[in-house]
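Inside the fold
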Amino acid sequence: MPRRLFTQFVLCLSSFLAFPILAQHIEGRVTDAASGLALPFSTIFINNTAFATDADSVGRFVLTKVPPGNYKLIARLVGYEALSQSVVVEAGKTAQVNFALVADKNVLNEVTAKAKRDKNWEANLKQFTKYLLGADVAARQCKITNPWVLDFQQENGVLTARTNQAIEIENRYLGYQLVYLLRSFRASETEVDFSGYAQFVPLWTGKTAEQTQWDKQKQDAFRDSDLYLLQSIIQGKAGANGFEAYIDKPGANPGNRSNIFYNDQIKKLQRIGLDTLARRQPNGTQFRIVLPRRFELHSIRSEGPFSIYRDKPCPLSWIDTSAPLLVNEQGLLLNPQAWTVSGFLASRRLAVMLPADYRPANAVEMAGPSKPALNRWANRAETPFFVTDKPYYVPKEVVRISGTIQYANPIHQDSLSRLLHLNLLDPVTGKTIVSQNIPIEQGLFQTAFVLPDSLTTRTLLLQGYTNWMRNWGDSAVAYRWLPVVSFPQKPVGITLPEADNLAITVTDSALQVRIQDGAAGQFRWVAASLVDTTVVSQLDLPIAFGLATSSTLTAPMFAVERGIGLSGQVASRKGQPVDGAQVLFVIPKTKGSFVASSDSTGRFSFTDLPIIGKEPIMLKATTSRGKPVETITLRTENTPALTSFARAVPTLSMQQATVPSWYGDSTRVRMSDGTVRLAEVLVKAPKKAIPPTTKYGEADYVVKGKDLFDKAVGDNILVALQGRVPGLRVVEKFGDDGLRKLIITLRGGFTGGGFNGGATQPLLLVDGVPFSDVNDLSAIPPSRIDRVEVVNRAESMMGLRGYLGVIAVYTKQMSDVDTQALQTDPAIRRFTVSGWAPDSVAARPSVGVYWLPIATDRGQFWEFSFPKPTRHGTYRLVCEGITTTGKRLVLARKITL
């Protein structure tokens, strides 16, 4: 079995036994180790449980109604080092435990606490929170309420954390306040290792519905835990409770995996039973479980990430053991260092951690039937949320848009859509006025376009969707109204409530804003605009967005789009599909060419095409005997049908605007010949136009395509680069979604592939167009590669990722003679296709509008800065975004300059 990314999760859980509750107690006294004086009001708790109490004014404490068993008891007090002691509680007896706490010199020597933290600390806090709590739906409902107690150190890609105080975590997913005494924390890209003591304090809610939801989510979290797995094994019920274990058959290659289980992978795996592997130890309170050294675990009653097999959609975990596991009667692992868990179980963090004494209320439901496969797809739902820089527009004006993708489970972000379809529609006629393909990078997107001059006063509609989300029906499409007015008219505006959590600072050159978390919610993403109230009214029109909740999806019909693609069908003169036809795709403008083959139904497809804007193309298809194919048709996708929301056009009241004297001079710059100079509006889209020359200068290494063709392994030509470029290595690893991927290592450390989404991979270019994932190169046949250039040095001209090196793939280009010959070839078919939205548009500059498409996340607050407006007057700051609970949130504030 191949080794996965190693993510170790150690909780240092204590053991205790299950007996009827009798009148046994734990009592004792807490004193200062140096002076012997009592330490009143210390907190004493049993690790990983809700059993806790406070010492009285003379340091004495009593924990009542404690079940018999072996415990780890912890005493803590601010200013002292926490102390743990093992204690045995016998039935009907009182256990005596005393604590002598040692003063924490680090805390006592601190005179003042830091009121501010630098940006590096904020970035480390965000990373630490993700590692500690997780990145799923549960984690988004958790919050560290005292992050200032943490100190971080980042060195050689390893993040460490320490604190002298308890970390307080509010978990509104499970209904607990978690007090966590962090003992150690170490995290890198491939390994997370932390340990600590946990005290659970149940949260109170006066809402029955919320308590019911907490109870359900606790039971789900328990079912998906390693505690439930170990309990099932020692009880001999692992199979009945939905756990299946597989080992590699003798002679099977563990590195050769497939995503088809029943017809392929099952031939390479052998199922083993888990129900007979536990043996009770002579002491009668522990079990010894001898597991295989390495095995694959299927949790068939769960749902979540790492559902790799398409025909068996259940989460997978991979477990390596170095020694037998020692487990107490509660199922708590006493020697966690004896196993290494990766995959699904390793993705469970503190956000779904339960007290060790938790018991599900409905044990029958826990052993119920397997969940249907449809839950697998629901866990991969996505939907866009986007905002515009203004509430309404005039013809010829530029519309600027920024947005984010909301995921049902963010862990799937890297494996879902990277292309957003955005249309500007007339809701009355259904006509498409503007259509764009926008790249999605790390769940974010931006674009801009110019409104046609022919538009009259009307309310148009912005429609945003991904191809994948259409599997849940057209009701999942996002909509936003876009009114167009004829100048100098403007809509009658409204007054938004003044937000009290916007901290605004005005300097000589800038207007700085900080958004604190308010009662309305915490932003997950936010954009902001600053508008002059003299020329722009404020509107509050409804929008439509939200994750699909359909429970009828059994299998997807619409594929995930990760780039510009084109598909079609070839057929003979009699209309019969042509199998094995070679389809040549040519872009005359750049002389780029690609080749694909048709299948038995005559269908062919191209992916990740380097096309920007509207582009004429040529297609030619030939049979295996070299004869031209008569018919080539392209597949066209219909746009989603308009919903009832999209047909309920809002009515706006119009008024004559008072035009300031400076307005006309600001909207245009007239040239001597009477024409109007247009400004260039840049869009920070990640897809760039093909550069005429390389920006990285001379390559360090150049490998010809003919030298790679014979040595290419599988579908990806980069494997053949090994041994030809010093310091370059290509290996297989498993990503956060559990799928096997190719990883590039340059300069002996940095990696490139589908992992983590950060600046951890070299820049990959194909004919000058950035590719975000080396695995996408399988779409380019090795025979079409002209050369591969490798820059093994840090190249600042190529941006942040250029510091990690550059790998530039160049495909064979058509010569002028070949292009001219194709122009006159009767077998050529000509089409016009739409590529990526352009990176910039020429338009009149917006008047009285300052736009920030995304604010900066500082961890505990959002921050952004506008250039200070040159004209005095009243401005309106509008911050609009989506909260961590998936709700729209708009904050506004008037500012007088």
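Fair warning: this is a prediction, and the values are worked out from it, not measured in the lab. (Residues numbered from 1 in each chain as written. Predicted model: local features only at pLDDT ≥ 70, side-chain atom pairs only at ≥ 80, totals over all residues. Heavy atoms only, no water.)

1. Looking at the overall build of the protein
Rule in force here: The secondary structure listing takes helices from DSSP runs of H or I that are at least 4 residues long and strands from runs of E that are at least 2 residues long, numbered from the N terminus. Throughout, exposure labels follow a simple rule: accessible area from a 1.4 Å probe, protein chains only, divided by the maximum for the residue type, with under 20% read as buried, over 50% as exposed, and the rest as partly exposed. The contact criterion used is simple: two residues touch if any of their non-hydrogen atoms lie within 4.5 Å. Here the Shrake-Rupley method, with its probe set to 1.4 Å, supplies the accessible areas, and only the displayed protein chains count as covering residues.
A tally of regular secondary structure across the protein gives ten helices and 59 strands. A burial count over the protein gives 52% of its 897 residues as buried. When contacts within the protein are restricted to residue pairs at least 6 apart in sequence, those whose partners lie at least 24 apart make up 70%. Element-wise, carbon and sulfur atoms account for 51% of the exposed surface of the protein, whose accessible area totals about 40400 Å².

2. Some words on the sheet that holds strand 28 (residues 458-465)
Rule in force here: Pairing between strands requires that DSSP locate at least two bridges from one strand to the other.
Overall, antiparallel pairing links the five strands, which are arranged 26-25-28-29-34 in an open sheet. Of all the strands in the sheet, just strand 26 (432-439) and strand 34 (543-544) have a single pairing partner and so form its edges. Looking at chain direction, strand 25 (residues 419-425) and strand 26 are connected through seven bridges and run antiparallel. Within the sheet, the bridge partner assigned to Leu425 lies in strand 26 and is Thr432.

3. What about helix 4 (residues 226-234)?
The α-helix advances 3.6 residues per turn, and as a result positions three or four apart in sequence lie on the same side. Where burial is concerned, most of helix 4 is hidden: eight out of the nine residues are buried. Of the residues trailing helix 4, Gly236 is marked for its positive phi of about 70°.

4. Details of the sheet that holds strand 18 (residues 286-289)
Put simply, the rule reads: Each axis is a line fitted through C-alpha atoms, taken for helices only over the stretch in contact, and angles between the N-to-C directions span 0 to 180 degrees.
Across the sheet, which stays open at both edges, the three strands sit in the order 17-18-21 with antiparallel pairing between neighbours. Both edges of this open sheet fall to strand 17 (278-280) and strand 21 (325-328), since each of them pairs with a single strand only. Averaged over all pairs of adjacent strands, the angle between their axes in this sheet comes to 30°, without regard to strand direction. When strand 18 meets strand 21, the two strands line up antiparallel, connected through four bridges. Bridge pairing links Gln286 to Asn328 in strand 21.

5. Topic: the pairing of strand 6 (residues 83-89)
Across seven bridges, the pairing between strand 5 (residues 69-76) and strand 6 is antiparallel. Bridging across to strand 6, Ala75 finds its partner in Leu83.

6. Regarding the packing of aromatic side chains
We count it as follows: Here a pair means two rings of Phe, Tyr or Trp (six-membered ring of Trp) with centres within 6.5 Å. Their orientation is stacked below 30 degrees between planes, edge-to-face above 60, and tilted elsewhere. Look at NZ for Lys and CZ for Arg. If either is within 6 Å of the ring centre and within 35 degrees of the ring normal, a charge sits over the ring.
Applying the stated rule across the entire model yields 17 aromatic pairs. Note on Phe385 and Phe545: the rings are 4.9 Å apart at their centroids and 70° apart in plane angle, and the pair reads as edge-to-face. Taken as a pair, Phe385 in strand 23 (residues 382-388) and Phe545 in the loop between strand 34 and strand 35 (566-571) lie far apart in primary sequence, 160 residues in all. For Phe385, a relative accessible area of 2% corresponds to the buried category. Site record: aromatic cluster; members linked through ring pairs are Trp121, Phe128, Phe152, Phe185 and Phe194. Positioned over the ring face of Tyr392 is Lys390, at 5.7 Å from the centre of the ring.

7. Here we look at the pattern of salt bridges
Note the following rule: Any carboxyl oxygen of Asp or Glu that lies within 4 Å of a side-chain nitrogen of Lys or Arg is treated as forming a salt bridge with it.
Enumeration according to the criterion identifies 20 salt bridges in this entry. One salt bridge in this structure joins Arg223 and Asp224, with 3.4 Å as the shortest N-O distance. Like Arg223, the residue Asp224 is buried in the burial classification. Salt bridges sharing partners connect three or more residues here, namely Lys216, Asp220, Arg223 and Asp224.

8. Brief notes about the pairing of strand 38 (residues 603-606)
Burial along strand 38 is one-sided: the face carrying Phe604 and Phe606 is buried and the face carrying Arg603 and Ser605 is not. Looking at chain direction, strand 35 and strand 38 are connected through four bridges and run antiparallel. Considered in strand 38, the bridge of Leu566 is made with Phe606.

9. Concerning the environment of Phe152
On the secondary structure map, Phe152 appears in strand 10 (residues 151-155). Sequence-distant contacts of Phe152, that is, excluding residues within four places in its chain, are made with Trp121, Asn124, Leu125, Phe128, Leu159, Thr160 and Ala161.

10. Some points on unusual backbone geometry
Backbone geometry at Asn156 places phi at a positive 55°, although glycine is not the residue there. Relative to the helices and strands, Asn156 is located in the loop between strand 10 and strand 11 (158-162). Among the residues examined, Asn156 registers a relative accessible area of 73% and is labelled exposed. At Gln442, a residue that is not glycine, the phi angle is positive and equals roughly 55°. On the basis of relative accessible area, Gln442 is assigned to the exposed category, the value being 51%.

11. Quick word on the environment of Arg223
Its place among the elements puts Arg223 in helix 3 (residues 208-223). Put simply, Arg223 and Pro360 are 137 residues apart on the chain and 9.0 Å apart in space, counted from C-alpha to C-alpha.

12. Quick notes on the environment of Phe449
Inspection of the secondary structure assignment puts Phe449 in strand 27 (residues 444-450). For Phe449, a relative accessible area of 5% translates into the label buried. Taking the C-alpha atoms as reference, Phe449 lies 5.4 Å from Val399; in sequence the two are 50 residues apart. Excluding anything up to four places from it in sequence, Phe449 contacts Glu397, Val398, Val399, Ile401, Leu422, Leu424, Val434, Gln436, Leu462 and Val841.

13. Digging into the side chain of Gln231
Checked against the element boundaries, Gln231 lands in helix 4. Filtering out sequence-adjacent residues up to four positions away, Gln231 remains in contact with Phe222, Gln330, Gly331 and Arg359.

14. Remarks on helix 3
What counts here: A helix is expected to reach a length of 1.5 Å times the quantity of its residues less one.
Helix length check: helix 3 (16 residues) gives 23 Å between terminal C-alpha atoms against 22 Å at 1.5 Å per residue, within 8%. Among all positions of helix 3, only Trp214, Gln217, Lys218, Gln219, Asp220, Ala221, Phe222 and Arg223 are buried.

15. Observations regarding the confidence of the model for the protein
The cut-off we apply is this: Scored between 0 and 100, pLDDT is the confidence that the predictor attaches to each residue.
Mean pLDDT over the protein stands at 79; residues scoring 70 or higher make up 77%. Considering only residues more than four positions removed or in separate chains, one finds that residues 665-678, a stretch of pLDDT under 50, has 17 contacts. Within the model, pLDDT remains below 50 along residues 796-801, and this stretch shows 14 contacts once partners closer than five positions in the same chain are excluded.

16. Points about the side chain of Ser598
The cut-off we apply is this: We call two N or O atoms a polar contact when they sit within 3.5 Å, provided that within protein one can donate a hydrogen and the other can accept it, with sequence-adjacent residues counted only if both atoms are side-chain atoms.
Position of Ser598 among the secondary structure elements: in the loop between strand 37 (592-597) and strand 38. Within polar-contact distance, the side chain of Ser598 engages the backbone oxygen of Val578 at 2.7 Å. Among all residues touching Ser598, those that are not within four sequence positions of it are Val570, Val578, Asp579, Gly580, Ala581, Arg603 and Phe604.

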